[in-house]
Amino acid sequence: MNQEAAELLKKALSLPVSERADLAGSLIESLDETHDPSVEAAWDEEVQRRMADIDSGKVKPSSLEESRRRLSSATQ
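About the criteria used
Residues numbered from 1 in each chain as written. Predicted model: local features only at pLDDT ≥ 70, side-chain atom pairs only at ≥ 80, totals over all residues. Heavy atoms only, no water. Helix = DSSP H or I, 4+ residues; strand = E, 2+ residues; numbered from the N terminus. Rg over C-alpha atoms; globule rule 2.2 N^0.38 Å. Buried < 20%, exposed > 50% of the residue type's maximum accessible area, 1.4 Å probe, protein only. Areas by Shrake-Rupley, 256 points an atom, 1.4 Å probe, with all protein chains shown as cover. Patch = residues over 30% accessible without salt bridge, like charges linked within 9 Å, V, L, I, M, F, W, Y side chains within 5 Å. Salt bridge = Lys/Arg side-chain N within 4 Å of Asp/Glu carboxyl O. Lys, Arg positive; Asp, Glu negative; His and termini not counted. Charge placed at Lys NZ, Arg CZ, Asp CG, Glu CD. Contact = heavy atoms within 4.5 Å.

### A few points about the overall build of the protein chain
- Within the protein chain, the secondary structure is distributed over 4 helices and 0 strands.
- For the protein chain, the sequential pattern of α-helices and β-strands runs α-α-α-α.
- The C-alpha atoms of the protein chain give 17 Å as radius of gyration, which overshoots the globular expectation for 76 residues (11 Å, by more than 25%).
- Projected onto its principal axes, the C-alpha positions of the protein chain cover 50 × 35 × 25 Å.
- Counting only residues that meet the buried cut, the protein chain has 3% of its 76 residues in that class.
- As displayed, the protein chain has an accessible area near 7200 Å², and 57% of this comes from carbon and sulfur atoms.

Encoded structure:
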């Protein structure tokens, strides 16, 4: 990693979590050279469906800590 990239990383790590997540998502998207509108539309529909499930109470979200605990106990 060159000096400029190292400085950008240092600045990025000082951002609030939500802004770091947005930045990370944008960087990852920039690596994908293909753009398929049907895939993007399908993901948009899936996100909307999952949000509706949460909003209606059909699905109860769990915390990151709880999810990690459950994954950890399932792999042991």
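### Quick notes on a negative patch on the surface
- There is a patch of like negative charges on the surface, built from Glu29, Asp32, Glu33, Glu40, Asp44 and Glu45.
- Among the elements that line the negative patch, the one with the most residues is helix α3 (residues 37-56), at 3 residues.
- Tracing the backbone shows Glu29 in helix α2 (residues 17-31).

### Observations concerning the pattern of salt bridges
- The full count for this structure, using the stated rule, is 4 salt bridges.
- The salt bridge partner of Glu46 is Arg50, with a shortest N-O separation of 2.7 Å. Of this pair, Glu46 and Arg50 both sit in helix α3, 4 residues apart, which is roughly one turn of the helix.
- In this structure Arg50 comes out as partly exposed when scored by relative accessible area, which is 48%.

### Quick look at the side chain of Asp53
- Considering the arrangement of structural elements, one finds Asp53 in helix α3.
- Judged by its relative accessible area of 13%, Asp53 is buried.
- When near neighbours in sequence (up to four residues on either side) are disregarded, Asp53 contacts Lys58 and Val59.

### Comments concerning a nonpolar patch on the surface
- The grouping of Val47, Met51, Ile54 and Val59 at the surface amounts to a nonpolar patch, some 310 Å² of accessible area in total.
- In this structure, Val47 sits in helix α3.

### Remarks on the environment of Leu9
- Residue placement: Leu9 occurs in helix α1 (residues 3-13).
- Residue Leu9 is classed as partly exposed on the basis of its relative accessible area, which comes to 40%.
- Separated by 36 residues in the primary sequence, Leu9 and Glu45 have C-alpha atoms spaced 33 Å apart.

From the geometry alone we can't say anything about function, so treat these as descriptive.
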